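Residues per chain, in single letters:
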Amino acid sequence: MLLVKTLRSSTFRLALIAIAAFGLIVAAIMAYVYFGTIAFVRSRVGDAGDHGGFTAMIELAMVAVALLLLVLAGLAAVLVTRRTVGRIEEINATSRAIMLSGLDRRIPLRGSHDEWDRVAENLNHMLDRIETLMGEVKQVSDNVAHDLRTPLTRMRGRLEKAYHAPRTGEADAALIGDTIADLDAVLGMFASITRISEIETRARRSAFRALNLAEVAGEVVELYDAAAEQVATRLSLGGDREVAITGDRDLLFDAIANLVDNAIKHGRTGGQVTVTCRGAGAGGGATIAIADDGPGIPVEARDHVFKRFYRLEQSRYTPGNGLGLSLVAAVAGLHGAEIALHDNAPGLTVQLTFPATS
């Protein structure tokens, strides 16, 4: 079966064309050698003697060489084409299996470390990435369904209760107010998703300007100072006064605000939250770090906290939708900044490092 596919493949036809071209070149060379040899012999010995035997011997040798080259070329073409077709069939078989059964199949490697193995490795890595993305999509869908079910269930319950209860102005006002609050939460969730998608598609680079990162951080600290006092948390700003970068001021403000808000909410009551901005010297660039002394984030969860709707609290009953750190990651990606999570012993330090060309 494989031999039939080999003989019918376009690769084999191309090999035959190459062999034919090579054969013409060899034939031309052999003809030149043949007639050149005959001419040389005649120029040396003239027409004396019988040259028939010598000529026949040369012709026989050339025919034998031509047949040998033809056989070897044909055999090489079949073997090379068979190997190529075999690897392509392995990829096709795996593709068919994936279409029928799912993304758990992978293209087998032969360990030859040749270009076909590299192609198979790249395709396998691509399948791994697709499988990961599909898993994330499923997880996001489950989380969205869970987060939407709670406010929608509350709204339906209140409306059903109001439908069967006597109508009063005060009860109607309370119903309308609570329903609007739940609808605002749902709409806010979709607005956050839209905004993250807009940032990830690089649609907001037109707002980039030269700015002082320390000044933006100072405004965030001033905004959240009252919220920190409510939980007896000391919120402070440190580092350099002038930290020049190029970026979107509004997006950076929102990203820093999300990190400070998380540090206050999830840090230790009566603890401390520190925002530190530093320039990278003459080479440019900048860093901003938000540190708290709370329980921190487990090491095994640090690779997941920036995914959409991911929350450490799996029951998802506490306020929030798991989009804050996704927004931070999107803003960092837009600015070419790297995010790093470090243990603050105790607590957590989130550090954004901006390149000189951000």
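Rules of the game
- Per-chain numbering applies: the sequence of each chain, read as written, is numbered from 1 onward.
- Totals for whole chains, interfaces and linings use all residues, but because this is a predicted model, local features are given only for residues with pLDDT of at least 70 and pairs of side-chain atoms are given and counted only at 80 or more.
- Only hydrogens and water are removed before side-chain values are computed, so all heavy atoms of the structure are retained for them.
- Put simply, DSSP H or I for four residues or longer makes a helix, DSSP E for two residues or longer makes a strand, and each gets a number counted from the N terminus.
- For each residue, the accessible area found with a 1.4 Å probe, counting protein chains only, is set against the maximum for its type, and the residue is called buried under 20%, exposed over 50%, and partly exposed in between.
- By definition in these notes, contact holds between two residues if any of their heavy atoms fall within 4.5 Å.
- Methods summary: accessible areas were calculated by the Shrake-Rupley approach with a probe of 1.4 Å, and residue burial reflects only the protein chains presented.
- A patch is a set of surface residues, each over 30% in relative accessible area and not in a salt bridge, joined within 9 Å for like charges and within 5 Å for the nonpolar side chains Val, Leu, Ile, Met, Phe, Trp and Tyr.
- Salt bridges are defined as contacts in which a side-chain nitrogen from Lys or Arg sits within 4 Å of a carboxyl oxygen from Asp or Glu.
- Here, a strand pair is defined by DSSP locating no fewer than two bridges between the strands.
- Axis geometry follows a simple rule: fit a line to the C-alpha atoms, using only the stretch in contact for helices, then measure angles between N-to-C directions, giving values from 0 to 180 degrees.
- pLDDT expresses how confident the predictor is about each individual residue, on a scale running from 0 to 100.
- Crossing handedness is defined as follows: a turn of the near helix away from the far one that is anticlockwise and smaller than a right angle gives a left-handed crossing, while the clockwise case is right-handed.
- By definition here, a helix of n residues has an expected span of 1.5 Å times n minus one.
- A residue's bend is the angle separating two fitted axes: one through the seven residues that end there, the other through the seven that start there.
- Any pair of N or O atoms that falls within 3.5 Å is considered a polar contact. Within protein, one atom must be able to donate a hydrogen and the other to accept it, and sequence-neighbouring residues count only if both atoms are side-chain atoms.

With that settled, the discussion passes to the overall build of the chain. Assigned secondary structure in the chain consists of eight helices and seven strands. When burial is assessed residue by residue, the chain has 34% of its 358 residues classed as buried. Summarising the internal contacts of the chain: among those between residues at least 6 apart in sequence, 67% fall at separations of at least 24. Accessible area for the chain stands at about 21,600 Å²; split by element, carbon and sulfur atoms hold 62% of it.

A separate point is a nonpolar patch on the surface. On the surface, Ile-25, Ile-29, Tyr-32 and Val-33 cluster together into a nonpolar patch covering about 450 Å² of accessible area. Relative to the helices and strands, Ile-29 is located in helix H2 (residues 10-45).

Moving on, we get to the sheet that holds strand E2 (residues 234-239). If you walk across this open sheet you meet the five strands as E2-E4-E5-E7-E6, and the pairing is mixed. Only two strands of the sheet have a single neighbouring strand rather than two, namely E2 and strand E6 (338-343). If you compare each strand with its neighbour and ignore which way they point, the axes differ by 15° on average. The sheet contacts of helix H7 (residues 249-266) involve E2, strand E4 (272-279), strand E5 (286-292) and strand E7 (348-354), and relative to E5 the element is tilted by about 20°.

Quick look at the environment of Met-189 now. In this structure, Met-189 sits in helix H5 (residues 169-200). Of the residues examined, Met-189 reaches a relative accessible area of 5% and is grouped as buried. Once the C-alpha coordinates of Met-189 and Leu-148 are considered, the two residues, 41 residues apart in sequence, prove to be 9.1 Å apart.

Here the chain shows a mean pLDDT of 77. Residues at 70 or above account for 80%. Highest mean pLDDT in the chain belongs to E5 (91); lowest belongs to helix H1 (residues 2-8) (59).

With that settled, consider the pairing of E5. The buried fraction of E5 amounts to six of the seven residues, a majority that puts the element mostly inside the structure. The sheet contact formed by E4 and E5 spans seven bridges and is antiparallel. Counted as the bridge partner of Cys-277 is Ile-288 from E5. Note: E5 against E7, six bridges, orientation antiparallel.

Here we take up the packing of H7 against helix H8 (residues 324-334). At their nearest, the axes of H7 and H8 sit 9 Å apart, and the two run at 140° to each other. In terms of crossing hand, the pair formed by H7 and H8 is left-handed. Residues Leu-251, Leu-252, Asp-254, Ala-255, Asn-258, Leu-259 and Asn-262 of H7 lie in contact with H8, whose contacting residues are Gly-324, Leu-325, Leu-327, Val-328, Val-331 and Leu-334.

Let us look at helix H6 (residues 213-230). With 18 residues, H6 ought to run about 26 Å at 1.5 Å a step, and its terminal C-alpha atoms sit 26 Å apart, in line with that. By the largest-angle criterion, Tyr-224 marks the main kink of H6, which is about 45°. When H6 is considered as a whole, its buried residues turn out to be Leu-213, Ala-214, Val-216, Ala-217, Gly-218, Val-220, Val-221, Tyr-224 and Ala-228. At the N-terminal boundary of H6, the capping side chain belongs to Asn-212, with an oxygen 3.2 Å from the backbone nitrogen of Ala-214. Phi turns positive one or two residues past the end of H6, at Ala-232, with a value near 60°.

Here we come to the pattern of salt bridges. Evaluation of the coordinates by the stated rule reveals seven salt bridges. Among the ionic pairs, Glu-215 bridges to Arg-249, the shortest N-O distance being 3.4 Å. One end of the pair, Glu-215, is in helix H6; the other, Arg-249, is in helix H7, with 34 residues separating them in the sequence. Residue Arg-249 is classed as partly exposed on the basis of its relative accessible area of 29%. A salt bridge links Lys-265 to Asp-261, with the shortest nitrogen-to-oxygen separation between them at 3.1 Å. Here Asp-261 and Lys-265 lie together in helix H7, a separation of four residues that amounts to about one turn.

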